[in-house]
Every structure is written in C-alpha cells, then in structure tokens.
Amino acid sequence: MRIDIITVLPELLVSPFSASIMKRAQDKGLAEIHVHDLREFGKGRYRHVDDYPYGGTSGMVIMCEPLDKMITKLKDEREYDEIIYLTPDGETLNQNMANNLSSAGNLMMICGHYKGIDQRIRDMYVTKEISIGDYVLSGGEFGAIILADSIIRLIPGVIGDETSALSDSFQDNLLAPPVYTRPSDYKGHKVPDVLLSGNFPKIEEWLHEQAIERTKERRPDLLK
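- For the chain, an unreviewed UniProt entry supplies the name tRNA (guanine-N(1)-)-methyltransferase and the organism Faecalibacter bovis.
- In UniProt, the chain has this text filed under Subunit (unreviewed entry): "Homodimer."

1. Overview of the pairing of strand S6 (residues 106–111)
Piece 1. Across the six residues of S6, six count as buried, placing the element largely inside the fold.
Piece 2. Along S6, one buried face is formed by Asn106, Met108 and Ile110 and the opposite face, lined by Leu107, Met109 and Cys111, is buried too.
Piece 3. One ladder, built from five bridges, connects strand S1 (residues 2–7) with S6; its direction is parallel. Bridge assignment links isoleucine 6 to a residue of S6, and that residue is isoleucine 110.
Piece 4. Strand direction decides the pairing type here: strand S5 (residues 82–92) and S6, joined by five bridges, are parallel. Counted as the bridge partner of tyrosine 85 is isoleucine 110 from S6.

2. Some thoughts on the UniProt feature "binding site: S-adenosyl-L-methionine" (unreviewed entry) in the chain
Piece 1. Residues given the UniProt feature "binding site: S-adenosyl-L-methionine" (unreviewed entry) here are Gly112, Ile132, Gly133, Asp134, Tyr135, Val136 and Leu137.
Piece 2. Position of glycine 112 among the secondary structure elements: in the loop between S6 and helix H4 (119–124).
Piece 3. Taking relative accessible area as the criterion, glycine 112 reaches 6% and is therefore assigned buried.
Piece 4. Those residues in contact with glycine 112, other than ones at most four positions away along the chain, are Ile62, Tyr85, Leu86, Ile117, Gly139, Gly140 and Glu141.
Piece 5. On the secondary structure map, aspartate 134 appears in the loop between strand S7 (128–131) and helix H5 (141–152).
Piece 6. The exposed category is assigned to aspartate 134, whose relative accessible area is 75%.

3. A closer look at the sheet that holds S1
Piece 1. An order of S2-S1-S6-S5-S7 is seen for the five strands of this open sheet, with the pairing classed as parallel. Each of the sheet's edge strands pairs with one partner strand only, and the pair in question is strand S2 (32–37) and S7. This sheet shows a mean twist of 30 degrees between the axes of neighbouring strands, independent of strand direction.
Piece 2. For S1 and S2, the ladder comprises six bridges, and the chain directions are parallel.

Conventions used here
- Residues numbered from 1 in each chain as written.
- Predicted model: local features only at pLDDT ≥ 70, side-chain atom pairs only at ≥ 80, totals over all residues.
- Heavy atoms only, no water.
- UniProt positions renumbered as here; feature names shortened; annotations may be inferred.
- Buried < 20%, exposed > 50% of the residue type's maximum accessible area, 1.4 Å probe, protein only.
- Helix = DSSP H or I, 4+ residues; strand = E, 2+ residues; numbered from the N terminus.
- Pairing = 2+ DSSP bridges.
- Contact = heavy atoms within 4.5 Å.
- Axes fitted to C-alpha atoms, helices over the stretch in contact; angles between N-to-C directions.

Have a look at this one:
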C-alpha cells in the first residue's frame, strides 16, 4: 500500500511514521508513506497557499490552484483507489471503514487547514470525506495520522500476531473484553479462573460474553 499525504505542515507527520508499527510496516515494504508539502506549489515569494473566503466570513481558506497542481501531479504518476479529504463534516471513521480501506493499493489524503479547502477541489477530486470525530482540530494532519494507523495495522504481515487485529474493539461491533497478564493474583485481585483453566472453548465463550456485556454497558449503540 502507498499513502500520499498533502499538507501545509509536513513536519507534523515525521515522528508518528518513524516509530513502532508504522515504521515496521515501511521497513517490511508493506506500506509506503509519502508526505508532500503543499507550499511546493504556493504562490509568490512566500509560497502562499491560502486566501480570504468569499462572502466576508472570518478565517482563511486553502486555495484551488496549489492543491489542483499537487493533486494533478500525483494523479499523473499513479491511479488512486480513493482521494480522501480529512474534514469535520465527513463520514465518521469506524472500524469497518478502516477494514475496507486496508485492501486499497494507493490512497491520497488531503489535510485541511485554517477554515478548510476550497469547495471546488472537493467537487473536482475528492472521492471520500472522513472525520475522526465530532470536534475541530487545527488541521487535518492528526486525522491523517489516525486514519493511516488504523488502516496500515490491518495489512497482513504488519502486526506479528495477525489474529490480534481481528479481536480488537469494534471488529464485530463489540468492544474488546477485559484482558489480564501475570501475575494471576495481584494485591488480592485475581485473574478469572476460566482464563487459567486451559479450556479454550470455555475461554472463547467467556470472552464473547464479556465483550457483549462491556458493549451493552459502555456503547449500547453498537448493538443496534
């Protein structure tokens, strides 16, 4: 998988993709992450990429021309399964969406900034708009990091124990059950006996029951 991320703040994206699972995925050749500075196509001496919005409202808007040139350059080099714009008014990211996107070959992500991007770019190029939640950030960079992480970790071979991702929260519209590790008794708090029994059918049944109970308690909306 290849992910191209367009941003006005490329430095924000360096560290998250240089450690842990994201770095491992790239080292294994299972994912490529390329960050593109939109100011490469900025206008004038100071490489401006934004301007005041029409209509007299407050804030600044990323202009059409720099984004158009950057997107066109990338599209001339390869085809994209999706061109994604990270925006608060997009479809809320969920596990099913991450699962579907993890099978893509090439993805482009556009990070909004200021008051967002000119609507005409959304109309001309964007195929999917995604929000990471009902709140506003300073820009789409952190949304792109979260989206990329949620996708790349699902690529076969990225996580050492591939079955681990299949038991994560939300995979079956259920929250994950409680987990325990050694010691079995810590300050009088004991691991449930069933987990120490070695009876794997019983353990699976218990885990499923716990997942349902936790979901009912904390996220009943997932069970609808």
